Amino acid sequence: MRAFFAARAALWNSWAPALRAACPELDLAREGDPAGFDAVIYAPGFPKDGRAMDFAPFTRARLVQSLWAGVERIAPNPTLIQPLCRMVDPGLAQGMVEYCAGWTLRAHLGMDRFAQDGLWRNDCPPPLAAQRRVSVLGMGELGGAVADALAALGFRVTGWSASGRPRPGIEVLGGPDLHRALGRADILVTLLPDTPATRDLLDADRLALLPQGAWIINPGRGTLIVEDDLLAALNSGRLSHAVLDVFRTEPLPPAHPFWSHPQITVTPHVAAETRPASAAPVVAENLRRAMAGRPLLHQVDRARGY
Ligand code: NAP
């Protein structure tokens, strides 16, 4: 089977050996007649001239496999006629669990209060996790894993998703109950995809539903939050802090007010990375399924955008 590697050249050295090891029958290439490929393995940033990828010439391809979990950049691509699958990988989920648990604990324990400033601050011991409510918006592969991990630490976790699909041990609210999920969020974790339905979800009205002094941790997508409304909520003291990993423009421009805001922590889209060692077997399985005409794993519903 032949697959075209549609990703930045810098990714080739780490991905090609992992993909070939996971799928010895794979003939992986970076050039050649598009009509001769059975599949396209895609990562954002390709082609590097900034144009959208043209999938139309890949007339024989049975699969476009994204190496990223978020597919907002290709799901609307009108040239994409092949089935599109997104990345679901145990390494990605573990990375996201660690990122969210780490920042949730920072917020919960008030770690920032203990900066070395010569003051003996023993007047305000942190509460236990059981006294802290965390809401997770988006209860998919990543949000679900994060919710489970935070519940295992003892936090009172509420999930929210479009369907409200139940998850053992977690109360999951459905679409119309967003206000309830927000009202319970001493700490809000947002792990929603970027779709027309989630864009600008957290505007001034919705941010006002969060408890006084809430934290926001957003490793989902920058488009979920209206930036000016977030700044206003932080500046007014309604919200305590925001940890932001994803932005409307990436890299975040040097002059952007988020960089210097004392109540914002910027991380540079590093919350969770697709790691070739754990992700290549997932790609290999989908390539084999595509060739055998079997149902694909993690196929994107392009009408919903995720
Ligand atoms: P997923 O499995 O597709 O889950 C998406 C979740 O969002 C589902 O629970 C879905 O609800 C919910 N959802 C979608 N649209 C909604 C809406 N309009 N209202 C309410 N809920 C909605 O995705 P995932 O693998 O967990 O990834 C989530 C996102 O994380 C990705 O799309 C990407 O943007 C981001 N991400 C970030 C990083 C990083 O490093 N910062 C890394 C990887 C991924 P249903 O369950 O009802 O369908």
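Attention here is on the structure that accompanies the text. The residue numbers shown here count from 1 along each chain, following its written sequence. At least 70 in pLDDT is required for a residue's local features to be given in this predicted model, at least 80 for side-chain atom pairs to be given and counted, and no such filter applies to totals for whole chains, interfaces and linings, which use all residues. The side-chain values count all of the structure's non-hydrogen atoms but skip hydrogen atoms and water molecules.

Turning next to the overall build of the protein. Helix and strand assignments come from DSSP, with helices taken as H or I runs of at least 4 residues and strands as E runs of at least 2, each series counted from the N terminus. A tally of helices and strands in the protein yields 8 helices and 12 strands. The C-alpha extent of the protein, read off along each of the three principal axes, is 70 × 45 × 35 Å. Remark: exposure states derive from per-residue accessible area (1.4 Å probe, protein chains only) relative to the maximum for the residue type, with buried under 20%, exposed over 50%, and partly exposed in between. The proportion of buried residues among the 306 residues of the protein is 50%. Here, two residues are considered to be in contact whenever any of their heavy atoms come within 4.5 Å of each other. Considering only contacts within the protein whose residues lie at least 6 apart along the sequence, 63% involve residues at least 24 apart. Here the protein displays about 14,400 Å² of accessible surface, and carbon together with sulfur accounts for 56% of that area. Charged side chains of the protein number 31 positive and 30 negative; the gap between the two group centres comes to 3 Å. The protein chains shown are the only cover counted for residues, whose accessible areas, like all others here, come from Shrake-Rupley with a 1.4 Å probe. When charges are counted, neither His nor the chain ends are considered; positive counts come from Lys and Arg and negative counts from Asp and Glu. By convention, the point assigned to a charge is CZ for Arg, NZ for Lys, CD for Glu and CG for Asp.

Here a pair means two rings of Phe, Tyr or Trp (six-membered ring of Trp) with centres within 6.5 Å. Their orientation is stacked below 30 degrees between planes, edge-to-face above 60, and tilted elsewhere. Per the stated rule, a full pass over the model turns up 8 aromatic pairs. Summarising the aromatic geometry, the rings of Phe4 and Phe46 are spaced 6.1 Å apart at their centres and angled 65° between planes, so their arrangement reads as edge-to-face. Separated by 42 residues along the polypeptide, Phe4 in strand β1 (residues 2-6) and Phe46 in the loop between β3 (39-42) and β4 (63-66) bring together distant segments of the chain. By relative accessible area, Phe46 is classed as partly exposed at 22%. On the basis of an interplanar angle of 70° and a centroid distance of 5.3 Å, the ring pair of Phe5 and Trp12 is categorised as edge-to-face. For Phe5, a relative accessible area of 1% corresponds to the buried category. These aromatic residues form a ring-pair network of at least three members: Phe4, Phe37, Phe46 and Phe58. Whether a charge sits over a ring comes down to the Lys NZ or Arg CZ being within 6 Å of the ring centre and within 35 degrees of the ring normal. A cation over a ring is seen here: Arg304 above Tyr306, with NZ or CZ 4.4 Å from the ring centre.

Put plainly, a pocket is an open set of points on a 1 Å grid over the protein atoms alone with protein on both sides within 12 Å along at least five of seven lines, a cavity is a set where a 1.4 Å probe fits but cannot get out, and a lining residue has an atom within 4 Å of a point. Grid points are joined across faces, edges and corners, and a volume is the space filled by probe spheres set on the points. Counted as a void, the second largest pocket has a volume near 290 Å³. Elements that contribute at least two residues to the lining of the second largest pocket include exactly α2 (90-109) and β10 (214-218). A total of 4 residues in the lining of the second largest pocket trace back to one element, the largest contributor, which is α2. Each residue is assigned to one class: nonpolar for Ala, Val, Leu, Ile, Met, Phe, Trp, Tyr, Cys and Pro, charged for Asp, Glu, Lys and Arg, and polar for all the others, Gly among them. Grouping the amino acids of the lining of the second largest pocket by side-chain chemistry returns 10 nonpolar, 5 polar and 5 charged.

Next up on the list: the nonpolar core. Within soluble globular proteins, side chains that are nonpolar generally end up buried alongside one another. Membership of the largest hydrophobic core comes to 55 residues, with the highest contact counts inside it found for Phe5, Leu19, Leu28 and Ile41. A total of 8 residues in this core trace back to one element, the largest contributor, which is α2. Summarising the domain contributions, this core has at least three residues from each of domain 1 (2-89 + 274-292) and domain 2 (90-266). Not counting the four nearest positions on each side in its chain, Leu28 is found in contact with Ala3, Phe5, Trp12, Ala16, Leu19, Arg20 and Ile41. Within the second largest apolar cluster, 29 residues are counted, among which are Leu182, Leu201, Leu234 and Val266. Take the buried Ala, Val, Leu, Ile, Met, Phe, Trp, Tyr and Cys residues and link them wherever side-chain atoms come within 4.5 Å; each set so joined is a nonpolar core. Where each domain starts and ends follows an automatic or database-derived domain assignment.

Turning next to the environment of Pro17. One can find Pro17 in helix α1 (residues 9-22). Expressed as a C-alpha distance, the spacing of Pro17 and Ala280, which sit 263 residues apart in the sequence, is 9.4 Å.

Along any regular strand, the residues point their side chains to alternate faces of the sheet. Counting buried residues along β1, 4 of its 5 residues qualify, which places the element largely inside the surrounding structure. A pair of strands is labelled paired if DSSP reports no fewer than 2 bridges between them. Two strands pair when backbone bridges link them, and β1 and strand β2 (residues 27-29) are joined in this way by 3 bridges, in the parallel orientation. The residue bridging Phe4 from the neighbouring strand is Ala29, located in β2. Read from β1 through α1 to β2, the crossover connection turns out right-handed. When the strands point away from the viewer and the connection leading from the first strand across the helix to the second strand turns clockwise, the crossover is called right-handed.

With that out of the way, let us pick up the site of the ligand. Nearness is judged by heavy atoms alone; a residue qualifies as near a molecule or strand once a single heavy atom is within 4 Å of it. In the vicinity of the ligand, 30 residues are found, and the nearest of them are Arg86, Ala162, Ser163, Asp245 and Tyr306. The side chain of Arg86 places a nitrogen or oxygen atom 2.7 Å from an oxygen atom of the ligand. Contact distances for the ligand include 2.8 Å between a nitrogen atom and a backbone N or O atom of Ala162. Contact with the protein chains removes 92% of the 950 Å² of surface that the ligand exposes when unbound. Among the elements that take part in the shell around the ligand, helix α3 (residues 141-153) stands out by supplying 3 residues, more than any other. Class assignment for the residues of the shell around the ligand results in 15 nonpolar, 9 polar and 6 charged. In terms of domain composition, the shell around the ligand takes at least three residues from each of domain 1 (2-89 + 274-292) and domain 2 (90-266). Here a polar contact means two N or O atoms within 3.5 Å. Within protein one must be a hydrogen donor candidate and the other an acceptor candidate, and residues neighboring in sequence count only if both atoms are side-chain atoms.

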